[in-house]
Amino acid sequence: MLGIISQYRTWLDLPDVDPVTLGEGATPLVPWATWGETDIFLKLEGANPTGSFKDRGMTVAVSVARHEGARAVICASTGNTAASAAAYAARGHLSAFVVVPEGRVTQQKLLQSLVHGAEILAIDGNFDEALAVVRRIAASNREIALVNSVNPWRLRGQETGAYEIVDELGRAPSGLALPVGNAGNISAYFQGFRRYGKGIPKMLGIQAAGASPLVQGHDVEHPETVATAIRIGKPASKALALEAVETSNGQFLAVTDADILSAQKELARGGIFVEPASATAYAGLKALRERGALPAGPLVGILTGTGLKDGETPLQWIEQTVHHTNSRTVGDTIQSLLQEARQHVAH
Ligand code: F0G
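Okay, so let's go over this structure. (Residues numbered from 1 in each chain as written. Predicted model: local features only at pLDDT ≥ 70, side-chain atom pairs only at ≥ 80, totals over all residues. Heavy atoms only, no water.)

## Describing the site of the ligand
Thought 1: Residues in contact with the ligand amount to 22 residues; listed here are only the nearest, S77, T78, N80, N182 and T304.
Thought 2: Backbone polar atom of T78 to an oxygen atom of the ligand: 2.8 Å apart, as the coordinates give it.
Thought 3: N185 has a polar backbone atom sitting 2.8 Å from an oxygen atom of the ligand.
Thought 4: Starting from 480 Å² of accessible surface for the ligand in isolation, the protein chains cover 99%.
Thought 5: At a threshold of 2 Å from the grid points, most atoms of the ligand map onto the largest cavity.
Thought 6: Of all the elements in the fold, those that place two or more residues in the shell around the ligand are α3 (80-91), α8 (184-196) and α12 (276-290).
Thought 7: When its residues are assigned to classes, the shell around the ligand shows nine nonpolar, eleven polar and two charged. (Near = heavy atom within 4 Å. Polar contact = N/O pair within 3.5 Å; in protein donor to acceptor, adjacent residues only side chain to side chain. Areas by Shrake-Rupley, 256 points an atom, 1.4 Å probe, with all protein chains shown as cover. 1 Å grid on protein atoms, 1.4 Å probe; cavity = no way out; pocket = protein on both sides within 12 Å on 5 of 7 lines; lining within 4 Å. Sits in = over half its atoms within 2 Å of the grid points. Helix = DSSP H or I, 4+ residues; strand = E, 2+ residues; numbered from the N terminus. Nonpolar A, V, L, I, M, F, W, Y, C, P; charged D, E, K, R; others polar.)

Laid out in structure tokens, this is it:
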């Protein structure tokens, strides 16, 4: 079974589409730690074909767009949606137009869009402005399908993350922490748990403090955070996200950029490399733990995208450097590093 459409077709209520797939879904759910009595699992969505959770929604949105005769797809993006739209459009032989905030998308994400042949339009404005532009263009052009998460097929596809967790744990977890930007994914997970009928976790929506409209209760005109993927001040799926948190008795929570970077480092030192937006979910779980406010387990954190997409941010905390040596002295260098490590442990 390749991809989430063949795996979960009966749950998606799809028209009779021929799937445009790259084998998305079936991502690892890693038992990460036990904090007191609470088991913490992390779902590695960076294991999707383009390195983020967006692929779950994109396979469905692009399959439907092609089925309905679209010739192109368009999206606004902080980078991951663009990369995913570009790849699935290429797979489905459609054109792709991506509108991004100039200077605020990582090089690797731009590169992904470029290698797949998408046209990138960089605007002098943030994600919220880019989304307003693409909505206007798609509304007045029948050949161009909008594949942002305001397209309901995107959310249906992203529901499959919830199905997978239930299939693996045998029930819904008690809580689900995930980063919130445009608020599509939290809405999709909530919808997914509700539809699957095996319980609904407390939805814990984690935002970066400088881009936290759902925590503050009002739009943020100039969002700012190291987690560029969620640098969003006017979430399009705000109403659905509020419903998800209220109905599930969950909460929205803000974490600082410093919290995000330290969560990214902790995950990396445990073998999991995620981008800052994804580390936000883990930073939220840590913050709840510190406040003694962690719900009873099991809890799942959604790590939405791989760290390979952001080569710059970890430079803020990496301590190691490359040891410049040669084939004769490599052994000696290793010996002295081992010695150093032993001394470090001894102290
Ligand atoms: N994590 C990552 C890595 C993301 O790229 C995004 C959103 C989110 C979390 C938040 O998800 O918007 O559904 O609340 N990225 C979008 C993009 C905005 O354009 O790639 P959300």
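## A short note on a nonpolar patch on the surface
Thought 1: Together, V330, I334 and L338 make up a nonpolar patch on the protein surface, roughly 240 Å² of accessible area in all.
Thought 2: Considering the arrangement of structural elements, one finds L338 in helix α13 (residues 330-346).
Thought 3: Owing to a relative accessible area of 43%, L338 belongs among the partly exposed residues under this scheme. (Patch = residues over 30% accessible without salt bridge, like charges linked within 9 Å, V, L, I, M, F, W, Y side chains within 5 Å. Salt bridge = Lys/Arg side-chain N within 4 Å of Asp/Glu carboxyl O. Buried < 20%, exposed > 50% of the residue type's maximum accessible area, 1.4 Å probe, protein only.)

## Describing the packing of helix α1 (residues 3-12) against helix α7 (residues 160-169)
Thought 1: Closest axis-to-axis distance for the α1/α7 pair is 11 Å, and the angle between their directions is 95°. Taken as axis vectors, α1 and α7 run roughly perpendicular relative to one another. When α1 is examined against α7, the residues I4, Y8, W11 and L12 are found in contact with a partner set consisting of T160, Y163, E164 and D167.
Thought 2: Grouping the amino acids of the contact of α1 with α7 by side-chain chemistry returns five nonpolar, one polar and two charged. (Axes fitted to C-alpha atoms, helices over the stretch in contact; angles between N-to-C directions. Parallel < 35°, antiparallel > 145°, perpendicular 65-115°, else oblique. Contact = heavy atoms within 4.5 Å.)

## Digging into α8
Thought 1: Between the first and last C-alpha of α8 there are 18 Å, a value that for 13 residues agrees with the 18 Å anticipated at 1.5 Å per step.
Thought 2: Those residues of α8 that sit buried are G184, N185, I186, S187, A188, Y189, F190, Q191, G192, F193 and Y196.
Thought 3: Just downstream of α8, G197 is the residue with a positive phi angle, here 75°. (Expected span 1.5 Å × (residues − 1).)

## Looking at unusual backbone geometry
Thought 1: Cis geometry marks the peptide bond from G297 to P298, where omega comes out at 0°.
Thought 2: Mapped onto the secondary structure, P298 falls in the loop between α12 and β10 (299-303).
Thought 3: Of note in the backbone geometry, D13 takes a positive phi value of approximately 50° without being a glycine.
Thought 4: Take D13: it is sitting in the loop between α1 and β1 (29-35).
Thought 5: With phi around 60°, N249 is a residue other than glycine that occupies positive phi space.
Thought 6: Tracing the chain through its elements places N249 in the loop between α10 (238-247) and β9 (251-255).
Thought 7: Judged by its relative accessible area of 56%, N249 falls in the exposed class.

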